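Residue strings, one per chain:
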Amino acid sequence: MALWIQAQQLQGDALHQMQSLYGQHFPIEVRHYLAQWLEAQPWDTIDLENQQDEPKARHLLDDLVKGLQRKAEHQMGEDGFLLKIKLGHYAAQLKSSYDPCPLELVRCVKHILYTEQRLVQEASNASSPGSGPVDGTPQRYQQINQTFEELRGMMQDTENDLRKLQHSQEYFIIQYQESLRIQAQLSSLASLPPAERVQRESGLQSRKSTLEGWLTREANTLQKYRQGFAEKHQRTLALLRKQQTVIVDDELIQWKRRQQLAGNGGPSEGGLDILQAWCEKLADMIWQNRQQIRRVEHLTQQLPIPGPTEELLTELNATVTDIISALVTSTFIIEKQPPQVLKTQTKFSATVRLLVGGKLNVHMNPPQVKATIISEQQAKALLKNENTRKSDSSGEILNNNCVMEYHQNTGTLSAHFRTMSLKRIKRSDRRGAESVTEEKFTVLFESQFSVGGNELVFHVKTLSLPVVVIVHGSQDNNATATVLWDNAFSEPGRVPFIVPDKVLWPQLCEALNMKYKSEVQSDRGLSEDNLVFLAQKAFSSSSNNPEDYSNMTITWSQFNRESLPGRNFTFWQWFDGVIELMKKHLKSHWNDGAILGFLNKQQAQDMLMSKPNGTFLLRFSDSEIGGITIAWVAENPHKAGERMVWNLMPFTTKDFSIRSLADRISDLNHLLFLYPSQSKEEVFSRYCTPPNAKAVGDGYVKPEIKQVVKVEFTLPNPEPSSGNSFMEHAASPTVGQHHNFTIYPSMNESMLDTEGEFDLDETMDMARQVEEFLRQPIETQWSGQQS
């Protein structure tokens, strides 16, 4: 509600702008009476382009309507009666307007709240000149707003000059016509008697001489006015071009860069509302300047006066047309990028937006936008303005035409491609070791429209971020690597789609950390120790000093073309496997700090040998993509007095889809303390699956899967449960308590391999046998065992 209180204090143009936000689509009374509720809702968490977020939007709409109805019911008294009727009417009106598309309500409210916040910040900045940033507004934003104020003053000055010039010229024409009338009178004196002619001619000649002198002086004055006007416009257009450079070449490019990094998991690029507000101000000012110049051109045509003004005006007209053209073509942007890993025969979406469309009234004749997929070489030719045939493309996109729609609530003009699909792709000849997942394409969006009554016609184009096309899910991993490298290391204004072949290791660390935190949805990123481990893996190094890697470079080949030593997968494939495992099954444990992860066997052994028996840790497998293993310290059951570190065979996503990590750790009684010294119950118990109740009524007992290891480990305080255990389908708790009740086939081989790792496949075979046994009626089981 604090924002609404501040918004009510706005004055002048800012107050008018705030009031113009409201209307039939969203009455200002709704904003006033539900101010606190409106400002407390999570509007920004809803993706306007994601139809899956529509239920959230509908829930907000329902709450809004109920809030208005409650507010109406509580109105009392004579004035309250009228307000009760009005609020009830608004509730029904909003329900009717937004029920077919509740996401439009979210778009409307987000626009209102953002604009109010911007107006309040601008008013606060204006009231405290010379101070630092107010309310977190960046200093460069204040500079942009100050420049707009300067431009507004300059335009007002030229508008005053234009009026003065127009009035002076009108008076000049009147006096010029008077001189023509005097000249006509002098010509008509020939028919008069000589005496009368001389008398009248003397007076007319005197008036003519005086008037011609004034006209000569006034013509020079008008020429000076025109030249002064043109020179002022030169300064105004120079400042406009500079302001446009700051907004389009700096701020908008930065937004595009943030959008690109967001593809790697970086923070959201932020809304376009403030950029659109700036671009619309630019468009409005450029257009007003253009109109002023055209008015002076018209005055010059009405009264030609020899001089340099005509040439200056021609130059100004060309300059202002160039500026408006650059603004329009630069502000045709992709608000929502198509997926950068694009699978054929799969639906995808994208949104393009013209930031100045509403201000230039482009929506009065809505333009159509066409999407085409082109290759890297075609993109290069396009940016070089080389001749390319209209039919040139590298594939066929279905549903690739869309009309731009104007959203009055937010003042945005955009085209939403919702159901595009890449039917086929035409690949080029690849270079050397380059694979199909290293080939880059881009989606070209283009449109054509006119402004100012067809005075200016624009053909606009924009390219999407690089796209890697795949035909099978197995290619997704390598395609993602190409996209990540491109997003992280591309430079603004590059030739499509050149990226460096090698980068500094710390640069890659930043990209990997960004990706990891985003995918795992965690504030806990990669620590310095984690990054050292990754460096050791990437460079086959044994150094533990982070400084040793600070100036090292890693090539694309090392990243995702060459396999790691002794492995059949690349560095990225291993790292991406870790990400997939974590985000699907283990993110909670990572956020809790329960998973150290980035350790090798030797490091795990060194850490555990100094801890009590039963201490364990979790580390990612070096040998298997997307694997995690449990390492623990215990007595050697075959050699008294000797302690050793054991490693279970790695678990993968497939294993955790059968039984969770927390349940597996709970099953293993010899695991007592999570490194360094936390009780495992304290860390994992809240994630464990509650035990199943007995199945009754059909003669069967519901089976359970449990994690066990067929080795006895001597513990400081052994639990009463059996030391021998398997990955088993257990009977009900009652049956399972009979330790002398054996239902397992005999096993001669240990389930631990020579390195102490657990053979999961073998135990799964055992589990299936046990499950078949448990499917028999209980009476048959007992009779079979007793016989």
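Residues numbered from 1 in each chain as written. Predicted model: local features only at pLDDT ≥ 70, side-chain atom pairs only at ≥ 80, totals over all residues. Heavy atoms only, no water.

A count of helical and extended segments in the chain gives 24 helices and 20 strands. Counting every position in the chain, which comprises 787 residues, the buried fraction comes to 47%. Sequence separation of at least 24 residues holds for 68% of the intrachain contacts in the chain that already meet a minimum separation of 6. Here the chain displays about 39200 Å² of accessible surface, and carbon together with sulfur accounts for 49% of that area. (Helix = DSSP H or I, 4+ residues; strand = E, 2+ residues; numbered from the N terminus. Buried < 20%, exposed > 50% of the residue type's maximum accessible area, 1.4 Å probe, protein only. Contact = heavy atoms within 4.5 Å. Areas by Shrake-Rupley, 256 points an atom, 1.4 Å probe, with all protein chains shown as cover.)

Now for the pattern of salt bridges. Considering all chains together, one arrives at 36 salt bridges under this definition. With a closest N to O distance of 3.3 Å, Lys515 and Glu519 form a salt bridge. Highlighted residues: Lys515 and Glu519, both in helix H14 (residues 505-520), separated by 4 residues, approximately one helical turn. Residue classification places Glu519 among the partly exposed positions, given a relative accessible area of 22%. Between Glu519 and Lys583 there is a salt bridge whose closest N-O contact spans 2.9 Å. Of the two residues, Glu519 is situated in helix H14 and Lys583 in helix H17 (residues 571-591); the sequence distance between them amounts to 64 residues. (Salt bridge = Lys/Arg side-chain N within 4 Å of Asp/Glu carboxyl O.)

So, about the pairing of strand S8 (residues 412-425). With 10 of 14 residues buried, S8 lies mostly within the body of the structure. Strand direction decides the pairing type here: strand S3 (residues 347-354) and S8, joined by 7 bridges, are antiparallel. Opposite Leu354, over in S8, you have Leu413 as the bridge partner. The pairing of strand S7 (residues 405-407) with S8 spans 3 bridges and is antiparallel. Opposite Tyr406, over in S8, you have Leu413 as the bridge partner. Here S7 hands over to S8 after 4 residues, with Gly411 in that stretch at a positive phi of 70 degrees. (Pairing = 2+ DSSP bridges.)

Mapped onto the fold, Thr410 is located in the loop between S7 and S8. Judged by its relative accessible area of 8%, Thr410 falls in the buried class. Among all residues touching Thr410, those that are not within four sequence positions of it are Arg107, Cys108, His111 and Gln276.

Summed over the entire model, instances satisfying the criterion amount to 30 aromatic pairs. With centroids separated by 6.3 Å and ring planes inclined at 65 degrees, the aromatic side chains of Trp574 and Phe598 adopt a geometry described as edge-to-face. Placement of the pair is Trp574 in helix H17 and Phe598 in the loop between H17 and helix H18 (601-608), with a sequence separation of 24 residues. Considered together, Trp574 and Phe598 belong to a single accessibility category, that of buried residues. Here the basic side chain of Arg290 rests over the ring of Trp287, its NZ or CZ set 5.0 Å away from the ring centre. Directly above the aromatic system of Trp574 lies the positively charged group of Lys537, at a separation of 4.5 Å from the ring centroid. (Phe/Tyr/Trp six-rings, centres within 6.5 Å; stacked < 30°, edge-to-face > 60°. Lys NZ or Arg CZ within 6 Å of the ring centre and 35° of its normal.)

Of the residues in the chain, 85% reach a pLDDT of 70 or more, and the chain-wide mean stands at 82. Across the chain, element-level confidence peaks in strand S13 (residues 553-555) with a mean pLDDT of 96 and bottoms out in helix H22 (residues 733-736) with 28. Every residue in residues 129-136 scores below 50 in pLDDT, and together they form 11 contacts with partners more than four places removed in sequence or on other chains. Confidence drops under pLDDT 50 across residues 716-766; counting only partners more than four residues distant or on other chains, this segment forms 101 contacts. (pLDDT = per-residue confidence, 0-100.)

Next up on the list: the environment of Ala634. Residue placement: Ala634 occurs in strand S15 (residues 628-635). When its relative accessible area of 1% is taken as the criterion, Ala634 is described as buried.

Once that is clear, we can look at the sheet that holds strand S10 (residues 456-463). One open sheet accounts for 4 strands, arranged S6-S4-S9-S10; its pairing is antiparallel. Two strands close off the open sheet at either side, each with one partner strand: strand S6 (401-403) and S10. Neighbouring strand axes in the sheet, compared pairwise and without regard to direction, differ in orientation by 25 degrees on average. Pairing of strand S9 (residues 441-451) with S10, which is carried by 8 bridges, proceeds in the antiparallel orientation. Bridging from a neighbouring strand, Glu446 pairs with Lys461 of S10. (Axes fitted to C-alpha atoms, helices over the stretch in contact; angles between N-to-C directions.)

Counting residues in hydrophobic clusters, the biggest one holds 81 residues, and the most contacted among them are Leu327, Val328, Leu354, Phe417 and Phe445. No other element matches helix H9 (residues 194-262), which puts 14 residues into this core. Beyond its immediate sequence surroundings of up to four residues, Leu354 is in contact with Val328, Thr331, Phe332, Val362, Met404, Leu413 and Phe449. Core analysis: the next-biggest nonpolar cluster, separate from the first, contains 60 residues, Trp556, Phe569, Val578 and Ile630 among them. (Core = buried A, V, L, I, M, F, W, Y, C linked by side-chain atoms within 4.5 Å.)

Let us now look at helix H5 (residues 54-73). Over its 20 residues, H5 runs 29 Å from end to end, which matches the ideal 28 Å to within 8%, given 1.5 Å per residue. Of the positions making up H5, those classed as buried are Ala57, Leu60, Leu61, Leu64, Val65, Gly67, Leu68 and Ala72. Looking straight down H5, one finds that the buried residues subtend no more than 155 degrees of arc, so they occupy a single side. Those residues of H5 that are exposed and aimed more than 90 degrees away from the buried face are Pro55 and Glu73. (Expected span 1.5 Å × (residues − 1). Arc of directions from axis to C-beta.)

Right, let's get into H14. Taking 1.5 Å of rise per residue, the 16 residues of H14 would be expected to cover 22 Å, and the 22 Å separating its terminal C-alpha atoms lies within 8% of that figure. Taken residue by residue, H14 has Trp505, Leu508, Cys509, Ala511, Leu512, Met514, Lys515, Tyr516 and Val520 as its buried positions. Positive backbone phi, approximately 55 degrees, marks Gln521, located one or two places after H14.

In terms of burial, strand S4 (residues 368-375) is largely enclosed, as 6 of its 8 residues are buried. As paired strands, S4 and S6 are joined by 3 bridges and run antiparallel to one another. Directly across from Val369, in S6, lies its bridge partner Cys402. Pairing of S4 with S9, which is carried by 7 bridges, proceeds in the antiparallel orientation. Paired with Ile374 across the bridge in S9 is Thr442.

Inspection of the secondary structure puts Leu534 in helix H15 (residues 528-539). Once the C-alpha coordinates of Leu534 and Phe575 are considered, the two residues, 41 residues apart in sequence, prove to be 8.7 Å apart. Sequence-distant contacts of Leu534, that is, excluding residues within four places in its chain, are made with Trp505, Leu512, Leu526, Phe571, Trp574, Phe575 and Phe598.

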